[in-house]
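What follows is the residue order along each chain.
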Amino acid sequence: MQESYVVLTLAFKPEGRRWVARCEELGTATFGRSLTEAEKRIKEAVLLHLNTLEDVGECKRFLREHKVQFHHTKPRAEIKITKSVSTGTFVQPYIQPIRE
């Protein structure tokens, strides 16, 4: 089984005493009491979402439909975010391996 990679956009925004985290491409969201906790939780949620899509045979179709580009080699760390997000939100790229 080959492995490819996708680059997802993780967006973080403070709301009250919590941090809200969202994967822009998947629509997956969660929160945490700290930025670190929110980051950990969103990465777990993204992995669960992708594993579920894979289990039902829909991962590739879903990602292509949402215009997520596949990479056959792991992208470099210097990735530019092209997705637009709201003011007060900061984003980071997240490289996730995908089984083919």
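We now turn to the structure provided with this report. (Residues numbered from 1 in each chain as written. Predicted model: local features only at pLDDT ≥ 70, side-chain atom pairs only at ≥ 80, totals over all residues. Heavy atoms only, no water.)

## A closer look at the pairing of strand β1 (residues 3–15)
What counts here: Strand pairing is assigned whenever DSSP identifies at least 2 bridges connecting the two strands. For helices the rule is a DSSP run of H or I covering at least 4 residues; for strands it is a run of E covering at least 2, with both sets numbered from the N terminus onward.
Inspection of the sheet shows β1 paired to strand β5 (residues 90–99) by ten bridges, in the antiparallel sense. When the sheet's bridge partners are listed, T9 is paired in β5 with P93. Alignment of β1 against strand β4 (residues 70–71), held across two bridges, turns out to be antiparallel. Each bridged residue has a counterpart across the sheet, and for V6 the counterpart in β4 is F70. For β1 and strand β2 (residues 18–23), the ladder comprises six bridges, and the chain directions are antiparallel. Note that in β2 the partner of K13 across the bridge is V20. The antiparallel hairpin formed by β1 and β2 contains two residues in its connecting segment, where G16 sits at a positive phi of about 65°.

## Examining the nonpolar core
Where we set the bar: The definition of a nonpolar core used throughout is a set of buried Ala, Val, Leu, Ile, Met, Phe, Trp, Tyr and Cys residues joined through side-chain atoms within 4.5 Å. Relative accessibility under 20% of the residue-type maximum defines a buried residue, over 50% an exposed one, and the middle range a partly exposed one, all with a 1.4 Å probe and only protein chains included. Should any heavy atoms of two residues lie within 4.5 Å, those residues are considered in contact.
Residues L8, L26, V46, L50 and L63 are the most contacted members of the largest nonpolar core, which totals 19 residues. For this core, the secondary structure elements donating two or more residues are β1, β2, α1 (35–55), α2 (59–65) and β5. Top element by residues in this core is α1. It accounts for five residues. Not counting chain neighbours up to four residues away, the residues in contact with L26 comprise L8, V46, H49, L50, F62 and L63.

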